[in-house]
Every structure is written in structure tokens, then in C-alpha cells.
Amino acid sequence: MTFPLQKTEELGLDRPTFIWTINLSYRGDRGASAEPGDLTSVYGTIPGRWLPMAAAARGAGLAEERDGRWYLTEKGRGLAAAMHEAARAHYATLTPLPKDELAELARLLDRAFLAAAKAVEHGVRLHTPFAVGYRGDDPPAVGSFAQLDAAIYGLWQIRDDCHIAAWRASGRSGPEVEVLTRLWRDEAADDAALADLLTHQRPEDVSATVKRLRKDGLVEPTALKTTAAGASARQKIEDETDRLFFTPWPQDVGAKGSWIAEKLIEVNSALG
């Protein structure tokens, strides 16, 4: 889409500030605060990483701070609405599946989102409310890529909340779980590579977390790999995330899980 490129140039913004502004629009009238999971990453250890973007957005007249919370100005809301319209116009040109299949895929995933959004077991909902703001007015149905996009975004936010609930129940912090996850996936060969993967954490915090995980027997003493106990602990978090996420789905939607997966692969391939 050309709209973000045009607007960043027109407003003199960098890409992170533009994205920060659009993301703030999903908070709606309640605005946003520096609490973890809102403007601050629930997995981060660097306070105030968002402040330069907020300052730039305020300088461009797009956002304002009132009583410790951030809100879009009228100009900011106009930018977000225009972005929403540009996205919908772009989505209308996309036909990654035959119309009847796209309609069925969107309908099924939208039903999953609506059911999961009402589930009461997730605990604190940090991100699910963002999905409502992202949708705006209900997207057009009947073969609409916009409906599919809204459903997938919504399920992504619900999955985030399920994952947060799962690792909080394990007694670990967000930064600890992020480090454990990287090692569980065998993504870092050495300390420098691990720090490069976790740019929202200070290197000294990453090192301290690895030390704690080793002390707890979850990471190998001389390698950046999970022990059997560490792999089991991380898998339990994933299993609980899946349970919280999928349990509310309507049974007839779940019964079509293989078809949904197949069609999502086709969508990704067509858009790739």
C-alpha cells in the first residue's frame, strides 16, 4: 500500500511513529498508558522505548497526553480513519481464494473470534479490546478479504492474551518467558545472537535471566539450550495457551480446522 509511504513523507514522520499512531487509534476513547502490554511491551525491560514515537506524534499534532494517558487528536483520528479506508480499498482488490471459499473462511474465523472474545477464562484482557478498535465498523462480508483480515487480527490479539495468562500462571515474568522461548526454539548460538533477538530487553537483563533460568535447571549450564525440564516447562505454557485459545471455538468451526489451515496456507501463498 502506498498510503503509509505518502503520509509519512507528507507529515515528516518515520515509519515507527506512523505505526505507533495507527496502533494508538485501536485504543479508542480510553486512550493508552505506559502499563506493560499497552504502550510498553509486556516482554520488554527498557522503559520508555515508545516515548520518542509519542513525542514525534505529538509534534506532528497527531497525539496528546492527558493525565498520564495518550490519545489521538482530531488530526490523528483523521489519519487513522483515512488509513482504515485505504486498507479497505486495498483489501477489495485482493482475491487470494475463490469468492465462496474466501467468504466461508472469513465467516468461520470471524465466528471463532466472536466466541473467543466472550470467553471468561483468559483473565485480564490486555489486547483483545484492541481488536474491536481495529475492526472499526463491521467489515463487509460475503467474500470480503477485509472480514478475513479483521478476524485474523482479532484472533491474534486473543492469542496474545491467552499466552500472557498461560505464562503468568507458570509464575514466570514476560521477559523471562521471552528468553526461555528463544532458547526452546534453539534460535541463538551465543550470547550476542540472543541479545540481538531481544532488542526490547537490555543485554544485561537478558544475561541475568539466562543465569536465573540456569539456576532453576531450565537452561543447560554451558549452552544456550533448554534442559529437558526447561523444554517441558515451556511446552506446558504453549499447551495452556492452546487450551485457552481453542476451547471457546464453536464445535462446527473446530471440526473444519484442517480445511481452515489448508485455505490459510493458500491465502499466504497467494499474497506472498
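Thresholds applied
Residues numbered from 1 in each chain as written. Predicted model: local features only at pLDDT ≥ 70, side-chain atom pairs only at ≥ 80, totals over all residues. Heavy atoms only, no water. Helix = DSSP H or I, 4+ residues; strand = E, 2+ residues; numbered from the N terminus. Rg over C-alpha atoms; globule rule 2.2 N^0.38 Å. Buried < 20%, exposed > 50% of the residue type's maximum accessible area, 1.4 Å probe, protein only. Core = buried A, V, L, I, M, F, W, Y, C linked by side-chain atoms within 4.5 Å. Contact = heavy atoms within 4.5 Å. Expected span 1.5 Å × (residues − 1). Arc of directions from axis to C-beta. 1 Å grid on protein atoms, 1.4 Å probe; cavity = no way out; pocket = protein on both sides within 12 Å on 5 of 7 lines; lining within 4 Å. Points joined across faces, edges and corners; volume = space filled by probe spheres on them. Nonpolar A, V, L, I, M, F, W, Y, C, P; charged D, E, K, R; others polar. Phe/Tyr/Trp six-rings, centres within 6.5 Å; stacked < 30°, edge-to-face > 60°. Lys NZ or Arg CZ within 6 Å of the ring centre and 35° of its normal. Pairing = 2+ DSSP bridges.

Engineer: I tried to follow the overall build of the chain on my own but got confused; where do I start?
Structural biologist: The helix and strand tally for the chain stands at 13 helices and two strands. Its C-alpha atoms give the chain a radius of gyration of 20 Å, within 12% of the compact-globule value 19 Å for 272 residues. Oriented by its inertia axes, the alpha-carbon framework of the chain measures out at about 55 × 50 × 35 Å. For the chain, the proportion of its 272 residues judged to be buried stands at 44%.

Engineer: Got a minute to help me understand the nonpolar core in this structure?
Structural biologist: Generally speaking, nonpolar side chains in soluble globular proteins are found buried as a group. Judged by nonpolar contacts, the single largest core of 49 residues is most densely connected at Trp20, Trp70, Leu109 and Leu148. If sequence neighbours within four positions are ignored, Leu109 has contacts with Leu148, Ala151, Ile152, Leu155, Trp249, Ile260 and Leu264.

Engineer: Explain helix α13 (residues 257–271) here, please?
Structural biologist: For an α-helix, the turn length of 3.6 residues means that residues three or four places apart are oriented alike. Taking 1.5 Å per residue as the helical rise, α13 with its 15 residues ought to reach 21 Å, and the 21 Å between its terminal C-alpha atoms agrees with that figure. Here α13 has its buried residues at Ile260, Lys263 and Val267. Down the axis, α13 shows its buried residues gathered within 70° of arc, on one side only. Exposed and facing more than 90 degrees away from the buried side of α13 are Ser258, Ile265, Asn268 and Ser269. Tucked into the core, α13 has its buried residues touching α5 (99–117), α7 (145–169) and α12 (251–254).

Engineer: I keep staring at the layout of surface pockets and nothing clicks. Help me out?
Structural biologist: Using a probe with the size of a water molecule, rolled over the atoms, empty space left in the structure can be pinpointed. In this structure, the second largest pocket encloses a volume near 330 Å³. Leu109, Ile152, Leu155, Ile260 and Leu264 are the residues nearest the centre of the second largest pocket, which is lined by 20 residues in total. Elements represented by at least two residues in the lining of the second largest pocket include exactly α7, α11 (228–246), α12 and α13. Here the lining of the second largest pocket is built from residues that sort into 16 nonpolar, three polar and one charged.

Engineer: Where do I start with the packing of aromatic side chains in this structure?
Structural biologist: What characterises a pair of aromatic rings is the spacing of the ring centres plus the angle enclosed by the ring planes. Evaluation of the coordinates by the stated rule reveals 11 aromatic pairs. Measuring from ring centre to ring centre gives 5.4 Å for Tyr153 and Trp156, while their planes differ by 85°; the resulting arrangement is edge-to-face. Of this pair, Tyr153 and Trp156 both sit in helix α7, separated by three residues, roughly a single helical turn. Counting every residue linked through ring pairs, the aromatic cluster contains Tyr26, Tyr134, Tyr153 and Trp156. Over the face of the ring belonging to Phe130 we find Arg27, whose NZ or CZ atom lies 3.9 Å from the ring centre. Seen from the ring of Phe245, Arg159 lies directly overhead, with NZ or CZ sitting 5.3 Å from the centre.

Engineer: Looking at this model, I keep getting lost on the pairing of strand β1 (residues 63–66). Mind explaining?
Structural biologist: Taken together, the four bridges between β1 and strand β2 (residues 69–72) define a ladder with antiparallel strand orientation. Following the sheet pairing, Glu65 is matched in β2 by Trp70. Between β1 and β2, which follow one another and run antiparallel, lie two residues, and Asp67 among them has a positive phi close to 55°.

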